[in-house]
Amino acid sequence: MAEHASPGARHRPPVPQRVRVTARFALLAVAALLLTTACRAPDGAVTDDRASAPASPGPSPYGVVFLGPGDCSSRGPEIREVFCRSEKAVATVLARHLGTLASGPPCPDATDFVLHVSETGTGARSRLTTGYACMRNLEPPHPGDPGRGGGPLTVVGDCVTASRAGEVTETACADTGGRAPRYRVESAVQRRAQCPGTTDLFVALGGDRPVGCARRSPGE
């Protein structure tokens, strides 16, 4: 069987640095990539990959690291770091890493979307300016939660459909449309041999347990 690959009192914050934004929603289940682009501003770039969280370091002081762990962001054509108590805050940073999502540490399972950040010029405030931030919405919906059919990761509890080309596409488990058979990832292991004998499909997940053991959904 072949293995398939599968973002009180109110305080008046300092004027936050504007960044150039391009939005890219990605499923790391080796599914099709949706690419959208938003407006531009000088001295930086943020790419949006809409995209229970592990414990993360305490919040960085506001403005010291752009979108450090525990910080919050706005959403829209210009993504900004804002106070988490602000009415403009819509998502929080679960983890912040240097490099790229493909080569760097994986985001936590609870990630709803990923922001790829690149600050340049005199406005860059720290060495942690080029990398990516793993984001979770402050309020529902949470597309990264198991079975919701979204988010940048495929995790245990997600459902996928398989193509003849050997690729899988994540889909909502509650979705009744479509003709392709749907499989649910029941567990994650280090090697295919560790999957139960009832496994119908192997799904590449990445991380410490890179093999997902999936079974065909009832009624499919």
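All values reported here derive from a predicted model rather than from experimental measurement.

Q: Hey, could you go over the overall build of the protein chain for me, with residue numbers and the actual values?
A: Assigned secondary structure in the protein chain consists of 0 helices and 14 strands. Taken from N to C terminus, the helices and strands of the protein chain fall in the order β-β-β-β-β-β-β-β-β-β-β-β-β-β. A burial count over the protein chain gives 43% of its 220 residues as buried. When the accessible surface of the protein chain is totalled, it reaches about 11600 Å², and 53% of it is carbon and sulfur.

Q: Go over the environment of A204 with me, naming the residues and quoting the values.
A: Tracing the backbone through its elements, the reader meets A204 in strand 13 (residues 201–204). C-alpha separation for the pair A204 and E167, spaced 37 residues apart in sequence, amounts to 9.8 Å.

Q: Give a description of unusual backbone geometry that names residues and reports values.
A: Look at the link from P140 to P141: it is a cis peptide, with omega at 10°. Within the secondary structure, P141 sits in the loop between strand 9 (130–137) and strand 10 (159–162).

Q: Can you lay out the pairing of strand 7 (residues 91–98) for me, pointing to particular residues and giving the numbers?
A: In terms of burial, strand 7 is largely enclosed, as 7 of its 8 residues are buried. In this sheet, strand 7 lies alongside strand 5 (residues 72–73) in antiparallel orientation, the contact comprising 2 bridges. By the bridge assignment for strand 7, S73 is matched with A91.

Q: Residue-level account of the pattern of salt bridges, with values.
A: All chains considered together, the criterion is met by 3 salt bridges. R80 serves as the salt-bridge partner of E78, at 3.1 Å between the closest nitrogen and oxygen. Given the relative accessible area of 24%, E78 is considered partly exposed. For the salt bridge of R136 with D145, the shortest nitrogen-to-oxygen distance reads 3.0 Å. On the basis of relative accessibility, which here comes to 17%, the residue R136 falls in the buried class. A cluster of three or more residues bridged by salt bridges with shared partners is formed by D112, R136 and D145.

Q: Tell me about the state of the cysteines, and name the residues and values.
A: A full pass over the atoms with the stated rule returns 4 disulfides. Across the disulfide from C72 sits C84; the S-S distance is 2.0 Å. With the S-S dihedral at roughly 100°, the linkage between C72 and C84 falls on the right-handed side. Of this pair, C72 sits in strand 5 while C84 sits in the loop between strand 6 (81–82) and strand 7, placing them 12 residues apart in sequence. The class for C72 is buried, based on a relative accessible area of 2%. In this model, C107 is linked to C134 through a disulfide, with the two sulfur atoms separated by 2.0 Å. Its S-S torsion of approximately -75° makes the covalent link between C107 and C134 left-handed.

Q: Could you give an account of the nonpolar core, with specific residues and numbers?
A: Generally speaking, a soluble globular protein has its nonpolar side chains buried in company with each other. Within the largest apolar cluster, 10 residues are counted, these being F66, L67, I79, A91, V93, F113, L115, V117, A133 and M135. By residue number, the principal contributor to this core is strand 8 (residues 113–118), which donates 3 residues. Among all residues touching V93, those that are not within four sequence positions of it are L67, G68, P69, G70, D71, A133, C134 and M135.

Q: Which residues make up the confidence of the model for the protein chain, and what are the values?
A: Overall, the predicted model of the protein chain reaches an average pLDDT of 74, with 63% of residues at or above 70. Ranking the elements of the protein chain by mean pLDDT puts strand 3 (residues 34–37) last with 30 and strand 14 (residues 211–216) first with 96. Below pLDDT 50 for its whole length, residues 5–45 participates in 129 contacts with residues either more than four positions away or in separate chains. Within the model, pLDDT remains below 50 along residues 47–58, and this stretch shows 45 contacts once partners closer than five positions in the same chain are excluded.

Q: Give me the lowdown on the environment of S73, citing residues and values where you can.
A: Structurally, the position occupied by S73 is in strand 5. According to the relative accessible area criterion, S73 is buried, its value standing at 1%. With 65 residues separating them along the chain, S73 and L138 place their C-alpha atoms 9.9 Å apart. When neighbours within four sequence positions are excluded, S73 is seen to be in contact with L67, I79, R80, E81, V82, K88, A89, V90, A91, L115 and M135.

What counts and how
- Residues numbered from 1 in each chain as written.
- Predicted model: local features only at pLDDT ≥ 70, side-chain atom pairs only at ≥ 80, totals over all residues.
- Heavy atoms only, no water.
- Helix = DSSP H or I, 4+ residues; strand = E, 2+ residues; numbered from the N terminus.
- Buried < 20%, exposed > 50% of the residue type's maximum accessible area, 1.4 Å probe, protein only.
- Areas by Shrake-Rupley, 256 points an atom, 1.4 Å probe, with all protein chains shown as cover.
- Pairing = 2+ DSSP bridges.
- Salt bridge = Lys/Arg side-chain N within 4 Å of Asp/Glu carboxyl O.
- Disulfide = S-S within 2.5 Å.
- Core = buried A, V, L, I, M, F, W, Y, C linked by side-chain atoms within 4.5 Å.
- Contact = heavy atoms within 4.5 Å.
- pLDDT = per-residue confidence, 0-100.

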